[in-house]
Structure formats: C-alpha cells, structure tokens
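A structural walkthrough
Single-letter residue listing:
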Amino acid sequence: TSIPVEIFRSSVAKGITNVNGNGNKCIHHVRKIYELYVKFHPSNINAWLDYVRFELEFGNVQTVTKINWRAKKALGNSMLDLWECEFTKCKLESN
C-alpha cells in the first residue's frame with residue numbers, strides 16, 4: 001500500500017515548524033519522515049527535491065551529496081537530465 005504524498009508533506013511541515021524551536025532533535029525527526037517519503041515514492045522527483053531543499057536549509061552538504069546519489073539511482077536514466085537540472089536549481093536557490 002502506498003502512503004499518499006500529502007501525508008508526508010503535512011508531517012514534514014509540522015516537523016519543520018518545530019525545527020526552528022527545538023533544533024537537532026526535530027531535524028532528525030523530519031529526516032526520518034523524508035526517508036519514509038522517498039522509500040514509498042522513490043520515483044517521485046519532487047519527493048527527492050523536497051528532501052534536498054530541507055537538507056540545504058537545515059542539514060549539511062554531506063547529506064545533500066548522499067541524497068543526490070540515491071536520487072539518481074532511484075530515478076534512473078530516463079529522469080537523470082531533469083534531476084540534474086532541478087538539483088542544480090535547488091542548490092543555487094539556497095545560496
């Protein structure tokens with residue numbers, strides 16, 4: 001059974017609200033939600049991009065690099081060009 005994308009997005013939004021007040025504990029919680037999000041929706045490019053945006057804002061470069069590699073593998077060759085373009089935009093927008 002697939003969990004609807006909206007459930008993940010809602011859970012992440014609540015978690016991010018708490019990140020601003022509670023720091024690392026909430027970052028780890030939100031990261032776990034994103035891990036489930038990409039596990040249940042591995043071919044959804046927006047799931048991966050949402051995860052990257054979160055890590056660019058609250059996480060670290062090493063995690064972003066790992067997500068990039070995992071996303072490429074999960075999305076496959078047919079979406080590689082689109083992924084590279086969108087991933088690059090995310091990184092540029094975060095600077």
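Everything that follows concerns the structure shown earlier in this document.
To keep things clear, this report deals only with the structure shown in the data block. (Residues numbered from 1 in each chain as written. Predicted model: local features only at pLDDT ≥ 70, side-chain atom pairs only at ≥ 80, totals over all residues. Heavy atoms only, no water.)

A closer look at the packing of helix α3 (residues 45–58) against helix α5 (residues 80–94)
Viewed as axis vectors pointing N to C, α3 and α5 meet at an angle of 25°, and their least axial separation amounts to 10 Å. Considered as vectors, α3 and α5 are oriented roughly parallel to each other. As α3 packs across α5, the resulting crossing turns out to be right-handed. Here I45, W48, L49, V52, R53 and L56 of α3 come into contact with α5, specifically with L82, W83, E86, F87, C90, K91 and S94. Looking at side-chain class alone, the contact of α3 with α5 contains nine nonpolar, one polar and three charged residues. (Axes fitted to C-alpha atoms, helices over the stretch in contact; angles between N-to-C directions. Helix = DSSP H or I, 4+ residues; strand = E, 2+ residues; numbered from the N terminus. Parallel < 35°, antiparallel > 145°, perpendicular 65-115°, else oblique. Left-handed = near helix turned anticlockwise from the far one by under 90°. Contact = heavy atoms within 4.5 Å. Nonpolar A, V, L, I, M, F, W, Y, C, P; charged D, E, K, R; others polar.)

A few points about the side chain of D50
Within the secondary structure, D50 is located in helix α3. With relative accessibility at 16%, the residue D50 sits in the buried group. A polar contact of 3.2 Å, which involves the side chain of D50, links it to the side chain of R9. Within the structure, the side chain of D50 is placed 3.4 Å from the side chain of Y37, a separation counted as a polar contact. Once you skip the residues sitting within four places of it in the chain, D50 turns out to touch R9, Y34 and Y37. (Buried < 20%, exposed > 50% of the residue type's maximum accessible area, 1.4 Å probe, protein only. Polar contact = N/O pair within 3.5 Å; in protein donor to acceptor, adjacent residues only side chain to side chain.)

Section: the pattern of salt bridges
Considering all chains together, one arrives at six salt bridges under this definition. Between R31 and E55 there is a salt bridge whose closest N-O contact spans 2.6 Å. With R31 in helix α2 (residues 24–40) and E55 in helix α3, this residue pair connects regions lying 24 residues apart in the sequence. For the pair formed by R31 and E55, the shared burial category is buried. A salt bridge links K72 to E84; the nearest nitrogen and oxygen atoms lie 3.0 Å apart. Here E84 lies in helix α5 and K72 lies in helix α4 (residues 61–75), a separation of 12 residues in the sequence. With relative accessibility at 29%, the residue E84 sits in the partly exposed group. One network of salt bridges, with partners in common, ties together R9, D50 and R53. (Salt bridge = Lys/Arg side-chain N within 4 Å of Asp/Glu carboxyl O.)

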